[in-house]
Amino acid sequence: HARVSTPLRALPKVREMAAALGSAFQLRAAARPALTRRGKKTSTKARARATPVRAASTEPKIESVAAAVPSDAFLPEGLYCVDNTKTVRRKTRTVTIGDVKMGSDHPIVRQTMTTSDTRDVEATVAEVKKCADAGAEMVRITVQGMMEAKACAEIKKRLVADGYTTPLIADIHFAPKVAMMVAECFDKIRVNPGNFADGRKKFEDILYETDEEYNAEIDEIEKIFTPLVLKCKERGVAMRIGTNHGSLSARTLSRYGDTPAGMVESAFEFARICRKHDYHNFVFSMKASNPLVMVQAYRLLSHEMYKLNWDYPLHLGVTEAGEGEDGRMKSSIGIGALLLDGLGDTIRVSLTEASHLEMEPCTRLRDLGTKAATEKFGVETFEEKGRDFKDFARRESELPTQKEDDAIDLRNILHRDGSVLSAVTPAMLATEDPFYRDLGAKLAVGMPLRDIATSDSILLTEIPAADDEKAMRSIRRLQEIGVGIVADAAALAATPIDNSVALVAAKGAASAAVPDCAARVAIVFDGTETEEEVKAALAVDPVMAVIKVASGVSRLHASRRVFTHILAAGSSVPVIHHIAFDAGAANDDIVIQSGSQVGGLLCDGLGDGVLIQHPTAELDYLRRTSFGLLQGSRMRNTKTEYVSCPSCGRTLFDLQEVTAAISTRTGHLPGVAIAVMGCIVNGPGEMADADFGYVGGAPGKIDLYVGKEVVKRGIDNDTACDELIQLIKDHGRWVEKEEEEEAVAA
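Residues numbered from 1 in each chain as written. Predicted model: local features only at pLDDT ≥ 70, side-chain atom pairs only at ≥ 80, totals over all residues. Heavy atoms only, no water.

**Things to note about the overall build of the protein**
As a reminder of what qualifies: A run of H or I in DSSP becomes a helix once it reaches four residues, and a run of E becomes a strand once it reaches two; helices and strands are each numbered from the N terminus. A simple rule labels every residue: compare its accessible area, found with a 1.4 Å probe on the protein chains alone, to the largest value its type can have, and call it buried under 20%, exposed over 50%, or partly exposed in between. Any pair of residues with heavy atoms lying within 4.5 Å of one another is described as a contacting pair. Where accessible areas are quoted, they stem from the Shrake-Rupley method and a 1.4 Å probe; at the residue level, only the protein chains shown are allowed to cover.
Looking only at helices and strands, one finds 20 helices and 27 strands in the protein. Considering the protein as a whole, with its 746 residues, one finds that 58% of them fall into the buried category. The contacts in the protein between residues at least 6 apart in sequence include a share of 72% that link residues at least 24 apart. Carbon together with sulfur atoms contributes 50% to the accessible area of the protein, which is approximately 28800 Å² in total.

**Focus: the packing of helix α19 (residues 655–666) against helix α20 (residues 717–730)**
Inclusion rule: For helices, the axis comes from a line fit to the C-alpha atoms of the stretch in contact; other axes are also lines fit to C-alpha atoms, and the angle between any two N-to-C directions lies between 0 and 180 degrees. For any helix crossing, the convention is left-handed if the near helix is rotated counterclockwise from the far helix by under a right angle, and right-handed if that rotation is clockwise. The residue classification treats Ala, Val, Leu, Ile, Met, Phe, Trp, Tyr, Cys and Pro as nonpolar and Asp, Glu, Lys and Arg as charged. All others, Gly included, are polar.
Interhelical geometry of α19 versus α20 gives an angle of 40 degrees and a closest axis separation of 11 Å. In the crossing of α19 with α20, the sense of the turn from one axis to the other is right-handed. Only C721, D722, L724, I725 and I728 of α20 make contact with α19, whose side of the interface consists of I662, R665 and T666. A class-by-class count of the residues in the contact of α19 with α20 yields 5 nonpolar, 1 polar and 2 charged.

**Examining the pattern of salt bridges**
Let me state the cut-off plainly: When a carboxyl oxygen of Asp or Glu is within 4 Å of a side-chain nitrogen of Lys or Arg, the pair counts as a salt bridge.
Throughout the structure, instances matching the rule amount to 52 salt bridges. Notably, a salt bridge pairs D187 with K156, separated by 2.7 Å at the nearest N-O pair. In this pair, D187 is assigned in the loop between α4 (176–182) and β7 (188–191) and K156 in helix α3 (residues 146–161), connecting sequence segments 31 residues apart. The two residues D187 and K156 agree in class, both being buried. When the shortest N-O distance is used, the salt bridge between R624 and D620 registers 2.9 Å. Here R624 pairs with D620, and both are found in helix α18 (residues 619–632), just 4 residues apart, close to one helical turn. Taken together, the shared-partner salt bridges in this structure form one network comprising R299, D341, E384, R387, R560 and D604.

**Quick notes on the sheet that holds strand β11 (residues 315–316)**
So the rule is basically this: At least two DSSP bridges between two strands are required for those strands to pair.
Across the sheet, 8 strands lie side by side as β10-β9-β7-β6-β5-β4-β12-β11; this open sheet has parallel pairing. Every interior strand has two partners, whereas the edge strands, β10 (282–287) and β11, have only one. Alignment of β7 against strand β9 (residues 238–244), held across 4 bridges, turns out to be parallel. Of the residues in β9, the one forming a bridge with I189 is M239. Relative to strand β4 (residues 109–113), helix α10 (residues 359–374) is tilted by about 155 degrees, and along the sheet it contacts β4 and β12 (346–347).

**Here we look at the nonpolar core**
Note that soluble globular proteins tend to have their nonpolar side chains buried in a common cluster. This is how it is decided: Here the nonpolar core consists of buried residues drawn from Ala, Val, Leu, Ile, Met, Phe, Trp, Tyr and Cys, with membership extended through side-chain atoms lying within 4.5 Å.
Ranked by internal contacts, the top residues of the largest apolar core, which has 108 residues, are I189, F225, L228, M239 and F284. When residues in this core are grouped by element, the largest group, 10 residues, is from helix α8 (residues 291–308). When residues no more than four places from it in sequence are discounted, the contact partners of I189 are A170, I172, A179, V182, A183, L228, C232, V237, A238, M239 and R240. Counting residues in each nonpolar core, the second largest holds 51 residues, with Y436, A441, A487 and L619 among its members.

**Some details on the sheet that holds strand β24 (residues 673–677)**
Spatially, the 5 strands line up as an open sheet ordered β23-β24-β25-β26-β27, and their pairing is mixed. Of all the strands in the sheet, the pair left with one neighbour each is β23 (641–644) and β27 (709–716). In this sheet, adjacent strand axes meet at a mean angle of 20 degrees when their direction is disregarded. Pairing between β24 and strand β25 (residues 692–698): 4 bridges, direction parallel. Bridge pairing in β25 links V676 to Y694.

**Regarding a nonpolar patch on the surface**
The line we're drawing: Patch membership is restricted to residues that have no salt bridge and whose relative accessible area is over 30%. Joining uses 9 Å for like charges and 5 Å for the nonpolar side chains Val, Leu, Ile, Met, Phe, Trp and Tyr.
On the surface, L79, V82 and Y306 cluster together to form a nonpolar patch covering roughly 210 Å² of accessible area. Secondary-structure assignment places V82 in the loop between β1 (41–43) and β2 (95–97).

**What about the pairing of β4?**
Looking along a regular strand, one sees side chains alternate from face to face of the sheet. Put simply, the rule reads: Assignment of crossover handedness uses the view with strands pointing away from the viewer, where a clockwise path from the first strand over the helix to the second indicates a right-handed crossover.
Judged by how many residues are buried, β4 sits mostly within the fold: 5 of 5 residues are covered. Covered by surrounding structure in β4 are V109, Q111 and M113 together with R110 and T112, the residues of both alternating faces. Across 2 bridges, the pairing between β4 and β12 is parallel. Of the residues in β12, the one forming a bridge with R110 is I347. For β4 and strand β5 (residues 138–142), the ladder comprises 3 bridges, and the chain directions are parallel. Across the sheet, Q111 pairs through a bridge with M138, a residue of β5. As for the winding sense of the linkage, the β-α-β connection from β4 through helix α2 (residues 121–133) to β5 is right-handed.

**Here's the deal with the confidence of the model for the protein**
What counts, and what does not: Each residue carries a pLDDT value, the predictor's own confidence for that position, ranging from 0 to 100.
Within the protein, residue pLDDT values average 86, and 85% of them lie at 70 or more. Per-residue pLDDT stays below 50 along residues 741–746; that stretch engages in 12 contacts with residues further than four places along the chain or on separate chains.

**What to know about α20**
Here is the rule we go by: In this analysis, the expected span of each helix is defined as 1.5 Å times one less than the number of residues it contains. Each direction from the helix axis to a C-beta atom contributes to the arc, which is the arc of those directions.
Here α20 spans 20 Å end to end across 14 residues, near enough to the 20 Å set by a 1.5 Å rise per residue. Of all the positions in α20, only A720, C721, L724, I725, L727 and I728 are classed as buried. Each buried residue of α20 lies within a common arc of 155 degrees when the element is viewed along its axis, so the set occupies one face. In α20, the exposed positions angled more than 90 degrees off the buried face are occupied by D718 and D730. On its buried face, α20 sits against α19, β24, β25, β26 (701–706) and β27.

**Re the pairing of β23**
Side chains of β23 alternate between two faces, with E641 and V643 and Y642 and S644 buried alike. Pairing analysis gives 4 bridges linking β23 to β24, with the strands arranged parallel. Residue pairing across strands places Y642 opposite I674, the latter belonging to β24.

**Quick look at the packing of aromatic side chains**
Rules: Classification of ring pairs rests on two measures: the distance between centres of Phe, Tyr or Trp rings, Trp counted by its six-membered ring, which must be within 6.5 Å, and the angle between planes, read as stacked under 30 degrees, edge-to-face over 60 and tilted in between. The rule for a charge over a ring is simple: NZ of Lys or CZ of Arg within 6 Å of the ring centre, and within 35 degrees of the ring normal.
Evaluation of the coordinates by the stated rule reveals 13 aromatic pairs. When the ring of F282 is compared with that of F284, the centres are 5.5 Å apart and the planes differ by 85 degrees; the resulting orientation is edge-to-face. The buried category is assigned to F282, whose relative accessible area is 0%. Using a relative accessible area of 0% as the deciding quantity, one classes F284 as buried. Between F435 and Y436, the aromatic rings sit 5.9 Å apart at their centres with planes inclined by 55 degrees, giving tilted as the arrangement. Like F435, the residue Y436 is buried in the burial classification. The aromatic ring of Y214 is capped on one face by R255, whose charged end is 3.8 Å from the ring centroid. Cation over ring: K390 sits above F389, and NZ or CZ is 4.6 Å from the ring centre.

What follows is the structure, given as structure tokens:
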């Protein structure tokens, strides 16, 4: 935010380079002129079609510095949110969907999507009612063909007759004619710019060799899309221009790659057609299964709208988030981060579960965003530095190093990919074997061994009595396997623990008394420190810094300020986010709040670990949630990653049942990502984050992918899971599941 942009006219070298690439408003990522992204690559010259040259648009295209332009030579103007130091909802126009108003002058709207076969009118009507009763203010229904479109008219009629006026949204892919038909009865149409005009469904990789070839396809898109725009305008039907990271068109991919910039430009091409016909009753979305890509795409979209003086509302969602806690965590990271920046007017939490079950986490996120904006969560205005919303980069930090006089090895008390700390009590320590298991350790003849998801350090909420033999033995055994022991400095002075890490408050750290038993010092920031106080605290050479914000202080904004001060001090100290809950916080609160407030920082590369504390929650649950937060933030992989769609009427198998079966058999493969898709409507690119894909190809048949390439087609449902496992084995990614050894008294 703090960057001051330099006008293009002041940069003759940049103007000259930009001119060589096109117009000054058409800077683009030219690093990859051709992609091997999906299917067979063909040149546009090989396709027999006219290539008229489209007149240059009067609307500027998004600006993305080309590979030929130095990255520090041109800084686009504008912000992505109203204020990066407090939550203020971005001003957006009102869009009307049936009897629902959406925009910054109205409450955040909750929505979901049905999973039933749209042709089954009875089932779809019943599901819409169940969703509405659970709190859904809009419901989306897949409409893939004319039979489904005809059923939609009856669905709407039946719902209205039963007193349900919940607006219905048609989900359209590949089918402009179907969209025209369903616009007669539904309240909103969702179009995917990546495939709306692609009736071939071939996902070809096409090389566009000239601007004329690139622009010619826009004329064809305009010809196909305009009738729907005019019909929606005439009938007062709303629209969502919903870009999906995995289904960008071949033309967009050829110029931008599968980047946030490509996602934004893809949506803007359709928006310009809407604006040309003075149709403005539409919203944007920028969905991706990777929360980091999703957040960056929405921020870039908002940034570009600021420059164009556009004010269209935003529909937020992380697509294919998955099921259970992992799906809720990924959604919280993406959606929550944006809501706390004041972005978002409607939200959908996409889970591989029954549609009405999405409403609880959706409501919790809505309430978080509403409270943050109403109460204006934030801190006093400051000049933020070190964070570039257009380009993810993780902050560099230095891990603990071994000193010559260290009595034990302290190098593993933090992890290079992200650390998990667990708060423990003397009572937990005293249980020994159950405690080791809850901490994620393996057991061998009664001794704990570090595993892939063992907590890296523990924070002692209270130091055990010196004569508490079992608790003290647990501490010694943890130190032997490299787990750090962190405790308050004053408590350590009263009850010493050798080779521990003493925790001191940042304010006054320079004069704090450090007990002789401590091998290292850690400092705690409460988020209210001045730049001078931060610098003074860092001068004590802490092994880590912990941010535990004071009561009533906005974690996201105060932490941004702390990181700005740390940068000013020139420090690379690892930073751990400590978020503490009261006893009344439910498990879903823990996931939503930690995902939004801590994940919102980690998705900017700000932070090196997490400590989630709750007075009554199970230690094992808090540890697993912490590792889930790191994995959802694309930091540390400790279990198999699943990219699974939430199911809809297009799904060609029982998605929830199959996902559960695959998870049961493959959940022990950390570092392996598996996509489970009910169909391929969003394109092979939906598996951009996956190593292997399990995709419905036809009723009763499954296609298997390695990356984005299909390697086996038409496999029977009954044997597809076995075939998937064999595919993983063939590529050297399989390991046998370990059976945990029974504990034996040492």
